[in-house]
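# Structural characterization, general
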Amino acid sequence: MGDTTMLPVPAVGTTGVSRFAGILSSLRRSPAGFIGFVIVTLMVLITAIVPFFLPEVAPNVKEILLPAGTPGHLLGTDNEGKDVLIQLIGGGRTVIFVGFFAAAISTAIAIVLGSLAAYLGGWVDSVVVTLADVFLTVPQIVLLAVLGAFFKLDSPFLLALLVGGLSWPVLTRAVRAQVFSLKEREFVEAARLLDLGTVRVVFVEILPNMASFILMNFMIGVTNAIYQLVGLYLLGLAPLTGSNWGIMLNRAWIAGAIFNDASLAWILSPICAIVLLLLGLVMMTRSLEEILNPRLRDR
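If you're wondering where the values come from, they're calculated on a predicted model, not measured in any experiment.

### With respect to the overall build of the chain
Counting its secondary structure elements, the chain contains 13 helices and 0 strands. Reading the helices (α) and strands (β) of the chain from amino to carboxyl end gives α-α-α-α-α-α-α-α-α-α-α-α-α. When each of the 299 residues of the chain is scored for burial, the buried share is 40%. For the chain, contacts bridging at least 24 residues in sequence account for 69% of all contacts bridging at least 6.

### As for the side chain of Ser-269
Counting through the fold element by element, Ser-269 comes out in helix α12 (residues 264–292). Those residues in contact with Ser-269 that lie beyond four places of it in its chain are Leu-75, Val-84, Leu-88 and Met-248.

### Some points on the nonpolar core
Residues Ile-226, Trp-245, Leu-277 and Leu-281 are the most contacted members of the largest nonpolar core, which totals 43 residues. Contributing elements (two or more residues each) for this core: α2 (31–49), α3 (84–120), α6 (156–165), α10 (211–234), α11 (245–254) and α12. Residue contributions to this core peak at 10 residues, all from α10. Not counting chain neighbours up to four residues away, the residues in contact with Trp-245 comprise Met-43, Thr-47, Leu-88, Gly-91, Gly-92, Val-95, Pro-270, Ala-273, Ile-274 and Leu-277. Within the second largest apolar cluster, 18 residues are counted, among which are Ala-118, Ala-132, Leu-182 and Ala-191.

### Here we look at the pattern of salt bridges
Applying the stated criterion across every chain, the model contains 5 salt bridges. In this structure, Glu-80 and Lys-82 form a salt bridge, with 3.2 Å as the shortest nitrogen-oxygen distance. Residue classification places Glu-80 among the partly exposed positions, given a relative accessible area of 32%. Between Arg-176 and Asp-125 there is a salt bridge, with its nearest N and O atoms 2.5 Å apart. Of this pair, Arg-176 sits in helix α7 (residues 169–182) while Asp-125 sits in helix α4 (residues 122–137), placing them 51 residues apart in sequence. Among the ionic contacts, a cluster of salt bridges with common partners joins Asp-78, Glu-80, Lys-82 and Arg-251.

### With respect to the UniProt feature "transmembrane region" (unreviewed entry) in the chain
Per the UniProt record, "transmembrane region" (unreviewed entry) is annotated on residues 34–54, 95–120, 127–151, 157–175, 196–220, 226–250 and 262–284. Taken as a whole, residues 127–151 contains 88% helix and 0% strand, while its terminal C-alpha atoms sit 28 Å from one another. Within residues 196–220, the helical portion is 76% and the strand portion 0%, while the C-alpha atoms at the span's ends are 33 Å from each other.

### Some remarks on a nonpolar patch on the surface
Judged by side-chain polarity, Ile-141, Val-142, Val-146, Phe-150, Phe-151, Leu-234, Leu-235, Trp-253, Ile-254, Ile-258 and Phe-259 come together as a nonpolar surface patch covering roughly 1,200 Å² of accessible area. Elements represented by at least two residues in the nonpolar patch include exactly α5 (140–150) and α11. Tracing the sequence through the fold places Leu-234 in helix α10. Look at Leu-234 and you get partly exposed, because its relative accessible area is 38%.

### Quick word on the packing of aromatic side chains
One pass over the full model with this rule turns up 4 aromatic pairs. Geometrically, the ring pair formed by Phe-97 and Phe-101 is stacked, given 5.5 Å between the ring centres and 25° between the ring planes. One end of the pair, Phe-97, and the other, Phe-101, are both in helix α3, 4 residues apart, so they sit about a helical turn from each other. Residue class for Phe-97 comes out partly exposed when judged on its relative accessible area of 37%. Judged by its relative accessible area of 25%, Phe-101 is partly exposed. Across the ring face of Phe-52, the terminal group of Arg-93 is positioned such that the distance to the ring centre comes to 5.0 Å.

### Focus on the environment of Leu-182
Locating Leu-182 in the fold gives a position in helix α7. For Leu-182, a relative accessible area of 8% puts it in the buried group. In this structure the C-alpha to C-alpha distance between Leu-182 and Asn-209, which are 27 residues apart in sequence, comes to 8.4 Å. Aside from chain neighbours lying at most four places away, what touches Leu-182 is Val-188, Ile-206, Asn-209 and Met-210.

### As for the packing of α3 against α7
For the pair α3 and α7, the least separation of the axes is 7 Å and the interaxial angle reads 40°. Of the possible angle classes, the one that applies to α3 and α7 is oblique. Both α3 and α7 take part in a crossing whose hand is right-handed. Contacts between α3 and α7 involve Thr-107, Ala-110, Ile-111, Leu-113, Gly-114, Ser-115, Ala-117, Ala-118 and Tyr-119 on the former and, on the latter, Leu-171, Thr-172, Val-175, Arg-176, Val-179 and Phe-180. Residue classes in the contact of α3 with α7 are distributed as 10 nonpolar, 4 polar and 1 charged.

Criteria and cut-off values
- Residues numbered from 1 in each chain as written.
- Predicted model: local features only at pLDDT ≥ 70, side-chain atom pairs only at ≥ 80, totals over all residues.
- Heavy atoms only, no water.
- Helix = DSSP H or I, 4+ residues; strand = E, 2+ residues; numbered from the N terminus.
- Buried < 20%, exposed > 50% of the residue type's maximum accessible area, 1.4 Å probe, protein only.
- Contact = heavy atoms within 4.5 Å.
- Core = buried A, V, L, I, M, F, W, Y, C linked by side-chain atoms within 4.5 Å.
- Salt bridge = Lys/Arg side-chain N within 4 Å of Asp/Glu carboxyl O.
- UniProt positions renumbered as here; feature names shortened; annotations may be inferred.
- Patch = residues over 30% accessible without salt bridge, like charges linked within 9 Å, V, L, I, M, F, W, Y side chains within 5 Å.
- Areas by Shrake-Rupley, 256 points an atom, 1.4 Å probe, with all protein chains shown as cover.
- Phe/Tyr/Trp six-rings, centres within 6.5 Å; stacked < 30°, edge-to-face > 60°.
- Lys NZ or Arg CZ within 6 Å of the ring centre and 35° of its normal.
- Axes fitted to C-alpha atoms, helices over the stretch in contact; angles between N-to-C directions.
- Parallel < 35°, antiparallel > 145°, perpendicular 65-115°, else oblique.
- Left-handed = near helix turned anticlockwise from the far one by under 90°.
- Nonpolar A, V, L, I, M, F, W, Y, C, P; charged D, E, K, R; others polar.

Quick look at the structure:
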C-alpha cells in the first residue's frame, strides 16, 4: 500500500454538534486552551448579563477620582465620580459584540468571494483579486479615521459593518488558495460530473473541508476587530457616547489619569480587560490550531 499520510481526513458522517463536542473535549485536555475558553466564556457572559443587575452609573461630584479599594468603589471612580467597576462591566458588551460580529461579516465575505473566485476563475477571479489588492493597499486605520470624520459612527452595528467590511481581503486570498487546491480533488470532480451546480459544489462539498481553517481565521478576525474598535475610540474617531472600554481609555487618557496615582485603576482596568479578553482568544486559538491540525497535534 502507498503512503496515505497526506490524505485529508474525511468529513463525511460528522455533524456540527459532534465536531463542537469533540473540540470541547480536546480543549479540556489542553490546559492553555481550556483556560482561554473559560476566560472568553466568562467575559462574554458577565458583560452580557451582569449589567442588567447593576445600578445606573451617575456623576457624583462628591466622589471624584476616588482610589481603588475605596469602600463601595472597588476600582475607584473617574473624574465625574462614576464607579469604574460598573463602567468596566457594562463597557465590554459593545467591544465584544463588534469584535465577533465584524469578524463574522469579514469571514462571510471572504468565504463567498474567495471560494467563488477560485472555483469559477476567469473574470470573476480577476475582479476579486483586484478588489482585494486595492483594499490591501489602503491602511485600514487611516480609512476608518477618514470615514469616522465624515460619518457619525454612533451605532455598534454600523461600526461592526464598517470594520468587517474592510477586513476581508487577507482571508479572501487565503480561502482562494485553499479552494484552488481542493477543487482538483476527486470528490469535487464527482460532484461536477453529477452536475450538482456551482452553489452546491462550493458551499456543500468544498467549504466543509475548510471548517477548521475558517474557524481559526474567524478567531483571528475577532482580535483584529477589537483592536481596530478600541483604536477608533482611543483616538476619538468614533462618537464618545455611552460607555465601553475604548471610551473609558479615551476619557482617562485625556484627563491625565496615568499621571495620578489615585486614578490609575481608571485607565488600567479597561486595558487589563482588553488584554485578558485577547489573551483568552489567543490561548484558545492556539490550542484549537493544535487540535484541528493533525500535523501540529502529532508533534
